[in-house]
Amino acid sequence: MRTSPGPLSRLRRSHEQKVLGLLRRHGPLSRAELGQRTTLSRTTLYDIVGTLVASGAIVTAPGSDGPRKRGRPVERLTLNPAAGQAVGIDFARRAVHVAAVNVAHEVIGAVSETHPPDLPWPRRVELAERLAVSLGDGTVRLSALGAVGGVGVGVVGPVGPPAGPGQQDSGDGSGGPHAALPPLLEKRFGAPVLLDNNTRLAALAEATWGVATGHQDVLYLRLSDGVGGGLVADGGLHRGVDGLSGELGHITADPGGRRCECGGTGCLETVASVGAVLDAYRSRGGTAPGMPAFLAAVAAGDPVAREVLAAAGGYVGTVLAAVCNAVGPSVIVLGGALTEAGEALFGPVRRALHAHLMPLMRDRISLRRAALGDAGGAYGGIALVLRESPLLAHYPGPDAGTGAGPADAKEDT
């Protein structure tokens, strides 16, 4: 007769899950960091860690972040890299970006390929599969033991509440126009799929591997063909009702401005998107056929180009200040094509922020440029899998597993 585990066994199992869950979400951590995040006693933690190391569930991470006081390297622990991989895919408007990371947070690779904007979805999925297989000299193994355990996918536009890995859309429209995509990808990759907005995922990526690593509250804004954003709040991705969070491009920036495609007037997207900036430049005599030529004009000191960019930056900073006054992030990350202008954009944004932020917040918020570029949405898909799902749960050893809830990250960058 099979007996149920007793309360002590269940408690120990929960401790193991907590440790494994932290390593899955945050990557390599020292025993001291694990102790801070789990609040387990030193004796209990070392016992749990010892068992997980003996079973092969966790291993010592290569390298270290610095010496101890007496010069000994700090040992950091990580999940066994052989336990599985996660793939992230960003289906942008005109390109597919794919990245892969193993459960130890070791990057396998990232690759992108452009395509016509009207490419059918089955062809886009085929392209994503081909790119994924090409990563890491073919080390991303689809439908094989120890292979891809989860796929995180970013798409353009609103995405409803996630149905969960392996589940179909409810049919009430909550999954949005991309409801048929997860089953198509699950068939190709042989793994559960999680879907979200690609700009929101870029926010999560910057908080996991980018310029906001370790910060709990991060506001992200992308200035590209469209303008959108994402919010990482208390370490987790904020989606809002029906997945509508992050539409920063449709906050009114210029009440007397032009009509936006959303139906509003003077939205940030009408003054700070790539198209809006180019239109403003051309209306004042500029001749740039596209963004590369405009950025070259900015770099060359063209006064009209710099004035146009400064005006856009002022609008951006004003809108960001309003959002920051409401949600209180510690880091603002700007990404997208316009950020290639560097300080010519960031200077006006910073000045507008300072002018409109509450005085108490001015020294508490850092403005940074995104580090992950076009691959941000794909890396965010991986972060979604590692942080928010029970995927990648089959670690070596009979007693290993995952399932801990989101953990607080107290370190600063």
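Right above here is the structure, for reference.
Just so you know, these numbers come straight off a predicted model, no measurement behind them.

Undergrad: Describe the packing of aromatic side chains, naming the residues involved and giving the relevant values.
TA: Evaluated as defined, the whole model comprises three aromatic pairs. When the centroid spacing of 5.2 Å and the interplanar angle of 80° are considered together, the rings of F91 and W121 count as edge-to-face. You can see F91 sitting in strand β4 (residues 85-91) and its partner W121 sitting in helix α4 (residues 121-134), a full 30 residues away along the chain. You can call W121 partly exposed: its relative accessible area is 30%.

Undergrad: Explain the pattern of salt bridges residue by residue, including any values.
TA: Within this structure, the stated rule accounts for 12 salt bridges. Between R130 and E113 there is a salt bridge, with its nearest N and O atoms 3.0 Å apart. Linking R130 in helix α4 with E113 in strand β6 (residues 107-114), this pair joins segments that are 17 residues apart in sequence. The exposure class of R130 is partly exposed, given its relative accessible area of 45%.

Undergrad: Now, about the sheet that holds strand β1 (residues 29-30): what can you tell me, with residues and values included?
TA: Reading across the sheet, the three strands line up as β1-β3-β2 and stay open at both edges, with antiparallel pairing between neighbours. Edge positions in the sheet fall to β1 and β2 (58-60), since each of these pairs with one other strand and no more. As paired strands, β1 and strand β3 (residues 76-79) are joined by two bridges and run antiparallel to one another. The residue of β3 that forms the bridge with L29 is L77.

Undergrad: Explain the sheet that holds strand β13 (residues 366-369) residue by residue, including any values.
TA: Spatial strand order, β11-β10-β9-β12-β13: five strands in an open sheet with mixed pairing. Looking at strand neighbours, the two that pair on one side only are β11 (236-238) and β13, the edges of this open sheet. Ignoring strand direction, the axes of neighbouring strands in this sheet form an average angle of 25°. The pairing of strand β9 (residues 218-223) with strand β10 (residues 227-233) spans six bridges and is classified as antiparallel. When the bridges of β10 are listed, R222 appears paired with G228. Across the sheet, helix α10 (residues 303-327) touches β9, β10 and β12 (331-335), and the angle it forms with β9 is around 155°. Strand contacts of helix α11 (residues 343-356): β9, β12 and β13, with the helix running at about 160° to β13, the strand carrying the most contacts.

Undergrad: Explain the environment of R93 to me, using residue names and the numbers behind them.
TA: Positionally, R93 belongs in the loop between β4 and β5 (95-102). For R93, a relative accessible area of 48% translates into the label partly exposed. Each C-alpha atom of the pair R93 and V155 lies 8.5 Å from the other, and the pair is 62 residues apart in sequence. Excluding its chain neighbours within four sequence positions, the residues that come into contact with R93 are H115, P117, R124 and V156.

Rules used throughout
- Residues numbered from 1 in each chain as written.
- Predicted model: local features only at pLDDT ≥ 70, side-chain atom pairs only at ≥ 80, totals over all residues.
- Heavy atoms only, no water.
- Phe/Tyr/Trp six-rings, centres within 6.5 Å; stacked < 30°, edge-to-face > 60°.
- Helix = DSSP H or I, 4+ residues; strand = E, 2+ residues; numbered from the N terminus.
- Buried < 20%, exposed > 50% of the residue type's maximum accessible area, 1.4 Å probe, protein only.
- Salt bridge = Lys/Arg side-chain N within 4 Å of Asp/Glu carboxyl O.
- Pairing = 2+ DSSP bridges.
- Axes fitted to C-alpha atoms, helices over the stretch in contact; angles between N-to-C directions.
- Contact = heavy atoms within 4.5 Å.

Read these as layout, nothing more, since geometry by itself doesn't imply function.
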